[in-house]
Amino acid sequence: MMNRNPNFANLSSGYLFPEISKRRNAYQKEHPEAKIISLGIGNTTEPITPYIIEGLHAEVARLGTAEGYTGYCDNEAGLTELREKVAQVLYKGRISTDEVFISDGAKCDIGRLQYLFGKNTAVAVQDPAYPVYVDGSVIAGSAGPALSGGSGYAGIIYMPCTIENNFFPDLSVIPENALIYFCSPNNPTGAVATRDQLTGLVKMAKAKQSIIIFDSAYASFIRDPSLPVSIYEIEGARECAIEVSSFSKPIGFTGVRLGWTIVPKELLFSDGTPVYRDWIRLFSTIFNGASNIAQYGGLASLDEKGLAETRVLTDYYLENAKLIRAALAGPAFEKIGVKIYGGDNAPYVWTFFPGLKSWDAFDTILDSCHVVCTPGAGFGPAGESFIRFSSFGHRNQIEEACSRLGTLQI
Ligand code: PGU
């Protein structure tokens, strides 16, 4: 019989979101009458907007014609028009067209990036963090096994993001030659790093000869114009950062699947090899390009009309976040000292329940409000006692969830 990859035995439990679904389904089975509303997984709910739908339709129509049909893209890195548009519209020319790699989503690229660095890479993460950074590192052999009592994984350098440090970590713990995962606007805390903070991050990464994987999947939710939407707004970032991003949340492509990764040419490995060169080799070997249909949808989203629609869509979810924040500020929560963060430049509301374990708060909210949320402990040790509420939902469902939350008894 084949030996199991031992890294899998190092994982402490199932992936967070299926774990939540399992609990939800078990509850539903026991309480078939419960009309459960999910504010758990960050999954878009609103229809794709008309101009972007037109972009998708037009490509579908072309594919049905002899002249318009295309198979594999000439270049796995994506349609040149789309790469160009990403570079110009989203990065204002700070990066060049050939540094843009179009993919089937940020999560997939985060997984693929692990191959670039191999096992035994030192990994530093914000704590709490999107679970893929840590779980992916464990699978790749850079971390593990799980430590007892939910205190994370051996080998991962956790950088706690707490109420006390305003959810921006102490960077001095970053070791030499590390891969640093950094997400802003942050999932789950909803915090957005300022220009000064990101300048500090870039300086530290360079001093420690480390590489940042900057996840900007929620950049389109930033409304404060002083906040950076990309790491490349920071001087020096081209020499130390890869940026991963996504069309999922801005235009509702969670199911269509489209994202991108930026690998600047200045970024080098210790032996002087450009990371760019290996990334092209990797990308062309294990990826066959994003769907052409999806890419034309993405292209439409970067036209003026598409950008206006993106704004309306993301505003809708930000309005939901406002309603959730207001509900959590009600007397039932105030009485027990609940503290609320995020939700203004990000689609997540991050809530501290003093004296309660995250999974206990999850169970209480599910049982008494029939609302599913995400337990903060699932994002890392510093997420304990927090709950993440996602603002992705139909307005009537959000309103109903908010009114139920208003009656919560803890
Ligand atoms: N990066 C971050 C920071 C995310 O939160 C998510 C989705 C992604 C990337 C995924 O982007 P794609 O382009 O769609 O691949 N996070 C959601 C969904 C859960 C999941 O497992 O991806 C969330 O609820 O955290």
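About the criteria used
- Residue numbering note: each chain is counted from 1, following its sequence as written.
- In keeping with the predicted nature of the model, local features appear solely for residues at pLDDT of at least 70, side-chain atom pairs appear and are counted solely at 80 or more, and the whole-chain, interface and lining totals rest on all residues.
- The side-chain figures draw on all heavy atoms in the structure; neither hydrogens nor water molecules are used.
- Distances are taken per atom, and a residue is near a molecule or strand as soon as one of its heavy atoms is within 4 Å of it.
- As used in this structure description, the phrase polar contact means that two N or O atoms lie within 3.5 Å; if the pair is within protein, one of them must be able to donate a hydrogen and the other to accept it, and residues adjacent in sequence are counted only when both atoms belong to side chains.
- Computed by Shrake-Rupley with a 1.4 Å probe, the accessible areas treat only the displayed protein chains as cover when residues are assessed.
- Put simply, DSSP H or I for four residues or longer makes a helix, DSSP E for two residues or longer makes a strand, and each gets a number counted from the N terminus.
- When residues are grouped by polarity, Ala, Val, Leu, Ile, Met, Phe, Trp, Tyr, Cys and Pro land in nonpolar, Asp, Glu, Lys and Arg in charged, and all others, Gly among them, in polar.
- Contacts: residue pairs with any heavy atoms within 4.5 Å of one another.
- When accessible area is computed with a 1.4 Å probe and restricted to protein chains, residues below 20% of their type maximum are described as buried, those above 50% as exposed, and intermediate ones as partly exposed.
- By convention here, the domain bounds are inherited from an automatic or database domain assignment.
- Summed over both partners, the accessible area lost on bringing two parts together, with a 1.4 Å probe, is the buried area.
- When a carboxyl oxygen of Asp or Glu is within 4 Å of a side-chain nitrogen of Lys or Arg, the pair counts as a salt bridge.

## Describing the site of the ligand
So, step 1. Looking at the ligand, there are 20 residues lining it, with Tyr15, Tyr130, Tyr218, Ser246 and Ser248 nearest.
So, step 2. Contact distances for the ligand include 2.7 Å between an oxygen atom and a side-chain N or O atom of Asn187.
So, step 3. Within the side chain of Arg257, a nitrogen or oxygen atom sits 2.8 Å from an oxygen atom of the ligand.
So, step 4. Calculation on the ligand without its partners gives an accessible area of 550 Å², and the protein chains cover 94% of this total.
So, step 5. Those elements that place two or more of their residues in the shell around the ligand are helix H5 (106–117) and helix H8 (248–251).
So, step 6. The residue makeup of the shell around the ligand, split by class, is 10 nonpolar, five polar and five charged.

## Brief notes about the side chain of Thr374
So, step 1. Structurally, the position occupied by Thr374 is in strand S12 (residues 374–375).
So, step 2. Polar contacts involving the side chain of Thr374 include one to the main-chain carbonyl oxygen of Gly40, which spans 3.3 Å.
So, step 3. Setting aside residues no more than four positions away along its own chain, Thr374 makes contact with Leu16, Phe17, Ile20, Leu39, Gly40, Ile41, Phe379, Ile387 and Arg388.

## Some details on unusual backbone geometry
So, step 1. Residue Pro145 follows Gly144 across a cis peptide bond; omega there is 5°.
So, step 2. Inspection of the secondary structure assignment puts Pro145 in the loop between helix H6 (131–140) and strand S4 (156–160).
So, step 3. The omega torsion of the bond from Ser184 to Pro185 falls at -10°, within 30 degrees of zero and hence cis.
So, step 4. Note on placement: Pro185 falls in the loop between strand S5 (178–183) and helix H7 (195–207).
So, step 5. A positive phi angle is found at Arg257, which is not glycine, with a value near 80°.
So, step 6. Here Arg257 lies in the loop between H8 and strand S8 (259–262).
So, step 7. Residue class for Arg257 comes out partly exposed when judged on its relative accessible area of 29%.
So, step 8. Within the chain, Ser385 stands out as a residue other than glycine whose phi angle is a positive 75°.
So, step 9. In this structure, Ser385 sits in the loop between S12 and strand S13 (386–390).

## With respect to the domain arrangement of the protein chain
So, step 1. Taken domain by domain, the protein chain consists of domain 1 (9–48 + 306–405) and domain 2 (51–303).
So, step 2. With 38 residues of domain 1 at the contact, the number on the domain 2 side is 53 residues.
So, step 3. Overall, the association of domain 1 and domain 2 removes approximately 3600 Å² of surface from exposure, summing both partners, and the carbon and sulfur fraction of that is 64%.
So, step 4. Area buried by domain 1 at its contact with domain 2 is led by Tyr15, Ile48 and Asn345, which between them contribute 20% of it.
So, step 5. Taken together, domain 1 and domain 2 are joined by one salt bridge.
So, step 6. For the salt bridge of Arg223 with Asp315, the shortest nitrogen-to-oxygen distance reads 3.0 Å.
So, step 7. Our enumeration of links across domain 1 and domain 2 arrives at 18 residue pairs in polar contact (both at pLDDT 80 or more).
So, step 8. Of all the elements in the fold, those that place two or more residues in the side of domain 1 that touches domain 2 are helix H11 (304–328), strand S9 (339–342), strand S10 (348–352) and S13.

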